[in-house]
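Report on the structure
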Amino acid sequence: LGDVYTRQMQARSLMNIGIVHDYLGNKPMSLAYYNKALDHFRSKNDESGMADCDLNIAILLTKQKEYEKACETLIMAISIYEKTGNKTNLAAAYTNLGLTYKKMGNYPLAIDYLNKANVLWNQIDDKYYICNYHLNMGEIMLDMKNPSKAYFHLTNAETLAKKYEVKELEALAYEYL
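1. Details of unusual backbone geometry
Residue Asn 45 is not a glycine yet carries a positive backbone phi of 50°. Locating Asn 45 in the fold gives a position in the loop between helix 2 (27-43) and helix 3 (47-63). Taking the relative accessible area as the measure of exposure, Asn 45 reaches 57% and is therefore exposed. A positive phi angle, near 60°, is found at Glu 165, a position not held by glycine. Inspection of the secondary structure puts Glu 165 in the loop between helix 8 (147-164) and helix 9 (167-176).

Written out as structure tokens, the structure is:
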């Protein structure tokens, strides 16, 4: 049991180093660490770890504008999160898939996945991401030239951000309004 735990912690550490490199803007190094972590998780058949790596890899791929590949990777993570019942990470994966579809201009799928995420964010009562949902939906509605729906979502984002004291999202909502 100790060896399995040690290997899982090593894999999580490799993934975290990948996150740091991504944050620092070193995308190739980030991907290298994610792949090392993914190999460790696969060797132990740790589906949760594999899904977490896939989620991080997909975020990186989206930043690199490799949208199709990012979607495929997110869908793999989603299938695992749905099976394991990890609502927080499932909501994060749905959100990232929705945002990736938004970048691709596929607004119907973007809305569908953001709505799925919002159901989960509300179930787990994550106030930040509930506000963020309305901000994302407002942006999409602006892109779709639907000002009344955009106003609805952006005022909700602003009201909730103010209520929950999420200053950064409140400021973003004000920018759009």
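2. Regarding the packing of helix 2 against helix 3
For the pair helix 2 and helix 3, the least separation of the axes is 9 Å and the interaxial angle reads 160°. Classified by the interaxial angle, the pair formed by helix 2 and helix 3 is roughly antiparallel. Here helix 2 and helix 3 pass one another in a crossing that is left-handed. The residues of helix 3 that touch helix 2, namely those facing Lys 27, Ser 30, Leu 31, Tyr 34, Asn 35, Ala 37, Leu 38, Phe 41 and Arg 42, are Gly 49, Met 50, Cys 53, Asp 54, Asn 56, Ile 57, Leu 60 and Lys 63.

3. Regarding the pattern of salt bridges
Taken as a whole and assessed by the stated rule, the structure comprises eight salt bridges. Lys 27 serves as the salt-bridge partner of Asp 22, at 2.6 Å between the closest nitrogen and oxygen. In this structure, a network of salt bridges that share partners links the residues Asp 22, Lys 27 and Lys 63.

4. Some details on the nonpolar core
With 38 residues, the main nonpolar core has Tyr 81, Tyr 94 and Leu 97 as its most contacted residues. At the level of elements, helix 3, helix 4 (67-84), helix 5 (87-103), helix 6 (107-123), helix 7 (127-143), helix 8 and helix 9 are the ones that each hand at least two residues to this core. Once residues within four sequence positions are removed from consideration, Leu 97 is found in contact with Cys 71, Leu 74, Ile 75, Ile 78 and Tyr 113.

5. Here's the deal with the environment of Leu 99
With respect to the secondary-structure elements, Leu 99 resides in helix 5. Taking the C-alpha atoms as reference points, Leu 99 and Thr 155, separated by 56 residues in sequence, lie 20 Å from one another. Other than its neighbours up to four places away in sequence, Leu 99 contacts Leu 114 and Asn 136.

6. Some details on the packing of aromatic side chains
A ring pair, where both rings are aromatic, is described by two values, the distance of the centres and the angle of the planes. Per the stated rule, a full pass over the model turns up four aromatic pairs. For the pair Tyr 101 and Tyr 113, a centre-to-centre distance of 5.9 Å together with 25° between the ring planes defines the contact as stacked. Separated by twelve residues along the polypeptide, Tyr 101 in helix 5 and Tyr 113 in helix 6 bring together distant segments of the chain. Residue classification places Tyr 101 among the buried residues on the basis of a relative accessible area of 12%. According to the relative accessible area criterion, Tyr 113 is buried, its value standing at 16%. Where Trp 121 meets Tyr 129, the ring centres are 4.4 Å apart and the plane angle is 15°; that geometry is what we call stacked.

7. Concerning the environment of Lys 102
Examined against the element boundaries, Lys 102 turns out to sit in helix 5. A sequence separation of 35 residues divides Lys 102 from Met 137, and the C-alpha atoms of the two residues are 9.8 Å apart. Excluding residues within four positions of it along the chain, Lys 102 makes contact with Tyr 107, Ala 110, Glu 139, Ile 140 and Asp 143.

8. What to know about helix 2
Its 17 residues place the ends of helix 2 24 Å apart at the C-alpha level, agreeing with the 24 Å of an ideal helix rising 1.5 Å per residue. Those residues of helix 2 that fall on the buried side of the exposure criterion are Lys 27, Ser 30, Tyr 33, Tyr 34, Ala 37, Leu 38 and Phe 41. Buried positions in helix 2, seen along its axis, are confined to an arc of 140° and lie on one side of it. Of the residues flanking the start of helix 2, the one acting as N-cap is Asn 26, its side-chain oxygen 3.3 Å from the backbone nitrogen of Met 29. Positive backbone phi, approximately 50°, marks Asn 45, located one or two places after helix 2.

What counts as what
Residues numbered from 1 in each chain as written. Predicted model: local features only at pLDDT ≥ 70, side-chain atom pairs only at ≥ 80, totals over all residues. Heavy atoms only, no water. Helix = DSSP H or I, 4+ residues; strand = E, 2+ residues; numbered from the N terminus. Buried < 20%, exposed > 50% of the residue type's maximum accessible area, 1.4 Å probe, protein only. Axes fitted to C-alpha atoms, helices over the stretch in contact; angles between N-to-C directions. Parallel < 35°, antiparallel > 145°, perpendicular 65-115°, else oblique. Left-handed = near helix turned anticlockwise from the far one by under 90°. Contact = heavy atoms within 4.5 Å. Salt bridge = Lys/Arg side-chain N within 4 Å of Asp/Glu carboxyl O. Core = buried A, V, L, I, M, F, W, Y, C linked by side-chain atoms within 4.5 Å. Phe/Tyr/Trp six-rings, centres within 6.5 Å; stacked < 30°, edge-to-face > 60°. Expected span 1.5 Å × (residues − 1). Arc of directions from axis to C-beta. Polar contact = N/O pair within 3.5 Å; in protein donor to acceptor, adjacent residues only side chain to side chain.

In short, the description is geometric, and any link to function would need to be established separately.
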